[in-house]
Amino acid sequence: MKKGQVYEGVIESVDFPNNGKIRLAEEEKTVIVKNGISGQKVRFSVNKIRKEKAEGRILEVLEKAPAEIQPSCPHFGECGGCTYQNLPYEEQLRLKEQQVKAMMDEAVEGDYVWEGVLPSPVAFAYRNKMEFSFGDEYKDGPLALGMHKRGSFHDIVNVENCQIVDEDYRKILTCTLEASKRSGLPYYHRMRHTGYFRHLLVRKAVKTGEILIDLVTTDGRDCGGEREITDYLEKWVDDLCRLSLDGKIAGILHTTNNSVADVVKDEGTETLYGQGYFYEELLGLKFKITPFSFFQPNTKGAEVLYQIVRDYIGDIRDLTVFDLFSGTGTIGQVLAPVAKKVIGVEIVEEAVEAAKENAVHNGLSNCEFIAGDVFKVLDEIEEKPDVIVLDPPRDGIHPKALPKILDYGVDRIVYISCKVTSLARDLEMMQARGYKVEKCVAVDQFAGTVHVETIALLQKSK
């Protein structure tokens, strides 16, 4: 086997998140390829070679898998956002259950109850937040606004027919792209670090229909006069306000971001129209959401997720709950009506301020939300928890913070993970410190994609 060599083979299985396995008997190696599904016969090139396995890139699908269907999204395969839209939803769930259970079986010591995977209440138009990127369709090509092309850091795919958002997103996306093209202003070039347009952030509440739109740009110092930028922003806002939408625009914002990193970063936000927040409802509670605060991206799926958390945490009537990595305080406030007290910790100050306001709006007086790094804040809190809920970022809990959390020695911990590999890693330390996984369930909040939420209930061994 040589690097660059081309082979044909059938994908035998797919491991989390999207690692297809092809066994080449003549080479006595397994080749890992991404973005394929079990049963496809593919032509692929070999990119990396290791002792027992290699990595490759799919060049062409020669034969479809038996379960494969025609994807509903015309951008499928070109856009890097979705991977499994060419599978029936039932098959997507079966695949995710197989992947998560295999990882949990390997990570968990002893017996535990596996409760399967719960579907999203809706498989399309479920996203309540999207971050679109500006760029060009190809090198030196026309301005584009959408998602990164699969496998490309630079090229952007216009996704005016994206199926995981509703029609309002598509109208806002098209309107913004047309206005940006007319302006003549350039997009921010990620290598040269020059230009103006960077991202478009759109959030829409499923229950209230309120919409928040945020254009993220540089300060435009290298893009001509201030008058041109002001004229563009005024015309863009006017164009958006003229759109016929199912929802209602709550606010249109402009965020400046001069950082080199290709991320949405707030270095100052101006409200161009309306207000800088909107409201969403979840399990009978109302939540104020700001542009950069974390809120589960699938509202109806989040209700399924949080109902499971309530069931797993059990009777907390006389107990203090720590909600760590609390975002806008959704989990904490869902639990507060049946708890003695809830203390939430979140590093994003904007989210903490929203959480405090949300608690007041929801009439909850037994909630406290603290801004700061979990690792540092735990040293400053005098109260001790009886139960802990963990909902960390994708990479899991920092290895310095996890021992502090476990030092409390609480009887129950509920861990919510959006990346099961991070959960599996953290379980090693948690089990070594005397915690046993009692039960586990997956909740699909990201239909059509490789992602899935996993919830584990851990009990302290007596």
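Here's a quick rundown of the structure. All values reported here derive from a predicted model rather than from experimental measurement.

**Section: the packing of aromatic side chains**
Right, on to step 1. Per the counting criterion, the structure on display carries eight aromatic pairs.
Right, on to step 2. Relative to Tyr232, the ring of Phe197 lies with its centre 5.1 Å away and its plane at 75 degrees, an arrangement referred to as edge-to-face. Here Phe197 is found in strand E11 (residues 197-204), whereas its partner Tyr232 is found in helix H3 (residues 226-241), with 35 residues between them in sequence. Here Phe197 and Tyr232 have matching classes, each one buried.
Right, on to step 3. Between Phe322 and Tyr408 the ring centres are 5.5 Å apart and the planes differ by 80 degrees, which places this aromatic pair in the edge-to-face class. Here Phe322, found in strand E17 (residues 320-324), pairs with Tyr408, found in the loop between helix H8 (401-407) and strand E21 (412-417); they are 86 residues apart in sequence, far enough to count as distant. Judged on exposure class, the residue Phe322 and its partner Tyr408 are both buried.
Right, on to step 4. Put simply, the rings of Phe134, Tyr196, Phe197, Tyr232 and Trp236 touch in pairs and so form one group of aromatic residues.

**Side note on helix H9 (residues 420-432)**
Right, on to step 1. Between its first and last C-alpha, H9 extends 19 Å over 13 residues, near the 18 Å set by a 1.5 Å rise per residue.
Right, on to step 2. In H9, a bend of some 25 degrees at Asp426 exceeds every other bend along the element.
Right, on to step 3. Along H9, the residues classified as buried are Val420, Ser422, Leu423, Ala424, Asp426, Leu427, Met430 and Gln431.
Right, on to step 4. Buried positions along H9 lie against helix H1 (89-107), strand E20 (387-390), H8, E21, strand E22 (435-443) and strand E23 (453-460).

**A look at the nonpolar core**
Right, on to step 1. In terms of nonpolar packing, the biggest core is built from 83 residues, with Trp236, Leu324 and Leu390 touching the most fellow members.
Right, on to step 2. Sequence-distant contacts of Leu324, defined by excluding residues within four places in its chain, comprise Val345, Val374, Leu378, Ile388, Val389, Leu390, Asp391 and Ile405.
Right, on to step 3. Core analysis: the second largest hydrophobic core is formed by 39 residues, Val309, Ala336, Leu364 and Val387 among them.

**As for the side chain of Glu453**
Right, on to step 1. Turning to its location among the elements, Glu453 is positioned in strand E23.
Right, on to step 2. For the buried Glu453, which has no salt bridge, the nearest side chain bearing the opposite charge is Arg394, at an N-O separation of 6.6 Å.
Right, on to step 3. If we skip the residues at most four places from it in the chain, Glu453 touches Gln296, Leu305, Ile416, Ser417, Cys418, Val441, Ala442, Val443, Gln445 and Phe446.

Reading guide: rules and limits
Residues numbered from 1 in each chain as written. Predicted model: local features only at pLDDT ≥ 70, side-chain atom pairs only at ≥ 80, totals over all residues. Heavy atoms only, no water. Phe/Tyr/Trp six-rings, centres within 6.5 Å; stacked < 30°, edge-to-face > 60°. Helix = DSSP H or I, 4+ residues; strand = E, 2+ residues; numbered from the N terminus. Buried < 20%, exposed > 50% of the residue type's maximum accessible area, 1.4 Å probe, protein only. Expected span 1.5 Å × (residues − 1). Bend = angle between axes of the 7 residues up to and from the residue. Contact = heavy atoms within 4.5 Å. Core = buried A, V, L, I, M, F, W, Y, C linked by side-chain atoms within 4.5 Å. Lys, Arg positive; Asp, Glu negative; His and termini not counted. Salt bridge = Lys/Arg side-chain N within 4 Å of Asp/Glu carboxyl O.

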